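Listed below are the residues making up each chain.
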Amino acid sequence: MSAVNEKKVAALEAVKYIKSGMTVGLGTGSTAFYMIEAIGEMVQNGLELKAVATSDETEKLAKKMGIHVITLAEAKRLDVTIDGADEVDEDFQLIKGGGGALLREKIVAHNSDMNIIIADSSKSVSKLGKFKLPIETIPFATQLIIKELEGMKLAPVQRMRGTEDYKTDENNDIVDIDIWDTDIKLTDLEQQLKTIPGIVETGLFLTTTNLVIIGKGEKAIIKK
Ligand code: 5RP
């Protein structure tokens, strides 16, 4: 079965956790797309909910689907957030940010009572790091951060969009780093990266996930 179908299978399973009256966090990416589409249909069929979007792209799609989008400040707290991932391991640790939305995604996940990750089976890994870890940096500091990360042997590469620097919704840069061979524990690595001024956030989501739903063939594998 194709990755596209596995994404749909996972998304359709995840939306079963949404109940009327909830405030829901909407993730970003091609897997989240199917979840937003499914929620849109539920709303059109009478489900009442409010949603917080993790990116401009998601906000646009959600509004197009008739979903009532509010700000995080208006929401104050979210009942459940459903989002994709670039990699997820057996301990529910994630690499996110392939789509560049990691900062808002992490903020929304932090403010949610429950976080559900949906993914096709290719995203399920025994060790994180084949996917390059995205980190979001303040443009003023990006070049010096890259030098520092080179010193840490993390092979940083600034993300580009054509010939231009890639910019996030917050107008920051993304630097992708290679953590595959690092001996540093992920929790320590996360701390070390966050102590470098100008690194706003990393795509390591180590503690926020409560439930993982993997589409595998026709089945949704639910991990709690
Ligand atoms: C965006 C993300 C996405 O959740 C991640 O990149 C997975 O995307 P997709 O479902 O398209 O594979 O973290 O910042």
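Rules used throughout
- Residues numbered from 1 in each chain as written.
- Predicted model: local features only at pLDDT ≥ 70, side-chain atom pairs only at ≥ 80, totals over all residues.
- UniProt positions renumbered as here; feature names shortened; annotations may be inferred.
- Helix = DSSP H or I, 4+ residues; strand = E, 2+ residues; numbered from the N terminus.
- Rg over C-alpha atoms; globule rule 2.2 N^0.38 Å.
- Buried ≥ 20, exposed ≤ 12 C-beta atoms within 10 Å, placed from the backbone.
- Axes fitted to C-alpha atoms, helices over the stretch in contact; angles between N-to-C directions.
- Parallel < 35°, antiparallel > 145°, perpendicular 65-115°, else oblique.
- Left-handed = near helix turned anticlockwise from the far one by under 90°.
- Contact = placed C-beta atoms within 7 Å.
- Nonpolar A, V, L, I, M, F, W, Y, C, P; charged D, E, K, R; others polar.
- Near = placed C-beta within 6 Å.
- Domains from an automatic or database assignment.
- Core = buried A, V, L, I, M, F, W, Y, C linked by C-beta atoms within 7 Å.
- Arc of directions from axis to C-beta.

Labelled according to an unreviewed UniProt entry, the protein chain appears under the name Ribose-5-phosphate isomerase A, originating from Maribacter aquivivus. Looking at the protein chain in UniProt, the text filed under Subunit (unreviewed entry) is "Homodimer." Under Catalytic activity (unreviewed entry), UniProt gives the following word-for-word description of the protein chain: "aldehydo-D-ribose 5-phosphate = D-ribulose 5-phosphate".

Draft legend 1. Just the overall build of the protein chain, in detail. Tallying secondary structure elements over the protein chain gives seven helices and 16 strands in all. Taking 2.2 N^0.38 as the reference for a compact globule, 224 residues should give roughly 17 Å; the C-alpha atoms of the protein chain span a radius of gyration of 17 Å, in line with that estimate. Each principal axis of the C-alpha distribution contributes one length, and for the protein chain these read about 55 × 35 × 30 Å. Counting only residues that meet the buried cut, the protein chain has 46% of its 224 residues in that class.

Draft legend 2. Highlighting the packing of helix α1 (residues 3-14) against helix α2 (residues 30-44). Running from N to C, α1 and α2 cross one another at 45°; their axes reach a closest spacing of 8 Å. One element, α1, and the other, α2, form an angle in the oblique class. The way α1 lies across α2 gives a crossing that is right-handed. Facing α1, whose interface residues are K7, K8, A10, A11, L12 and A14, α2 presents S30, T31, Y34, M35 and A38. Split into classes, the residues belonging to the contact of α1 with α2 amount to seven nonpolar, two polar and two charged.

Draft legend 3. The arrangement of the site of the ligand in detail. Around the ligand sit 17 residues, and of these G29, T31, G84, G98 and G99 come closest. Among the elements of the structure, α2 and α5 (102-110) are those that each provide at least two residues to the shell around the ligand. Residues that form the shell around the ligand fall into these classes: three nonpolar, ten polar and four charged.

Draft legend 4. Main features of the UniProt feature "active site" (unreviewed entry) in the protein chain. When the UniProt feature table is mapped onto this chain numbering, "active site" (unreviewed entry) sits at E105. Along the chain, E105 falls in helix α5. Discounting chain neighbours no more than four positions away, the residues touching E105 are G27, T28, T54, D83 and K96.

Draft legend 5. Geometry of the domain arrangement of the protein chain. By domain assignment, the protein chain separates into domain 1 (6-123 + 206-216) and domain 2 (133-202). If you average the C-alpha positions of domain 1 and of domain 2, the two centres end up 24 Å apart. No other element matches α5, which puts four residues into the side of domain 1 that touches domain 2. When its residues are assigned to classes, the side of domain 1 that touches domain 2 shows five nonpolar, five polar and three charged.

Draft legend 6. Geometry of unusual backbone geometry. The backbone phi angle of F92 is positive, close to 65°, even though this residue is not glycine. Positionally, F92 belongs in the loop between β5 (87-88) and β6 (94-95). Even without a glycine there, the phi angle at K153 is positive, about 60°. Following the sequence through the fold, K153 ends up in the loop between α6 (142-151) and β9 (157-158).

Draft legend 7. Focus on the nonpolar core. Counting 53 residues, the largest nonpolar core has A10, A11, A14, L26, M35, I117 and I118 as the members making the most contacts within it. If one sorts the elements of this core by residue count, α2 sits on top with six residues. Shared between two domains, this core takes at least three residues from each, and those domains are domain 1 (6-123 + 206-216) and domain 2 (133-202). Residues within four places of A10 in sequence aside, it is in contact with T31, I118, A119, D120, I213, I214, G215 and A220.

Draft legend 8. Just helix α3 (residues 56-64), in detail. Those residues of α3 not exposed but buried are T58, E59, L61 and A62. Here the buried residues of α3 occupy an arc of 165° about the axis, which is enough to place them on one side. What points out from α3, more than 90 degrees from its buried face, is the exposed set K60 and K64. Against the buried residues of α3 lie β1 (23-26), α2, β2 (50-53) and β3 (68-69). Following α3 by one or two positions, G66 adopts a phi angle in the positive range, close to 85°.

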